[in-house]
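One letter stands for each residue in the lines below.
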Amino acid sequence: MRETHKGSCLCGTVQFQIQATFKKFYFCHCSYCRKGTGSVHGSNLFSFDADFACTNGEESIKSYNVPSTRHRRSFCEDCGAPVPTYDRENNFLVVPAGSLDTPVDAEPTAHLFMGSRANWDNHLEDVTKFEKLPE
Ligand SMILES: [Zn+2]
Ligand SMILES: [Zn+2]
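As the structure is a computational prediction, the values presented were derived from the model and not from experiment.

1. A few points about the coordination of the zinc ion (ligand 2)
Four donors placed tetrahedrally around a metal ideally meet at 109.5 degrees, and six donors placed octahedrally ideally meet at 90 or 180 degrees.
Okay, step 1: Within the protein, the zinc ion (ligand 2) binds to C28 (SG), C30 (SG) and C33 (SG); these donor distances fall in the range 2.2 to 2.3 Å.
Okay, step 2: Here the donor residues of the zinc ion (ligand 2) are spaced in sequence according to C-x1-C-x2-C.

Okay, here's the thing in structure tokens:
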């Protein structure tokens, strides 16, 4: 299903619009995604037919390619928040799901690289939950 989205970075400098069919929605636990997010996994949507338009702050998008790998992450140079990586030549778009301001219809596909997960990444769904910051 083709989805229409708006998204932005943490400081609001980078703003973008997407029309895309998300073929995959992966939670990747590899060491690069853990470093790149500072968290338990990356949460990325993948599309090969996207219309991607940066509506503000395109000049603030910086990218980093881990040497000798295909791992690439894009981020706002002002706030450091992850933003989509768009390979215009191959019409390949990777969207950090948390960068979207609109609800995602795509269902998560899978957890990847569970063999590389952090040693504290076990049964996280069983950890105590609070709706807000606890008293
Ligand atoms: Zn920003
Ligand atoms: Zn990864």
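2. Description of unusual backbone geometry
Okay, step 1: The phi angle at N91 is positive, at roughly 50°, despite the residue not being glycine.
Okay, step 2: Mapped onto the secondary structure, N91 falls in the loop between strand 9 (85-87) and strand 10 (92-96).
Okay, step 3: The exposure class of N91 is partly exposed, given its relative accessible area of 24%.
Okay, step 4: One non-glycine residue, F113, lies in the positive phi region at around 55°.
Okay, step 5: Mapped onto the elements of the fold, F113 is located in the segment after strand 11 (110-112).

Cut-offs used in this document
- Along every chain, residues carry numbers that run from 1 in the direction the sequence is written.
- Here every chain gets a letter starting at A, and every ligand a number starting at 1, in the order they are written.
- A pLDDT threshold of at least 70 governs which residues receive local features in this predicted model, and a stricter bar of 80 or more applies before side-chain atom pairs are shown or counted, although totals over entire chains, interfaces and linings include all residues.
- Note that water and hydrogens are dropped before the side-chain values are worked out from all heavy atoms of the structure.
- Water is not among the atoms examined, so metal sites may look incomplete; donors are the N, O and S atoms within 2.8 Å of the metal, or within 3.2 Å for Na, K and Ca.
- Only DSSP runs of H or I with at least four residues qualify as helices, and only runs of E with at least two residues qualify as strands; both kinds are numbered from the N terminus onward.
- Think of it in three bands: with a 1.4 Å probe and only protein chains considered, a residue is buried below 20% of the maximum accessible area for its type, exposed above 50%, and partly exposed in between.

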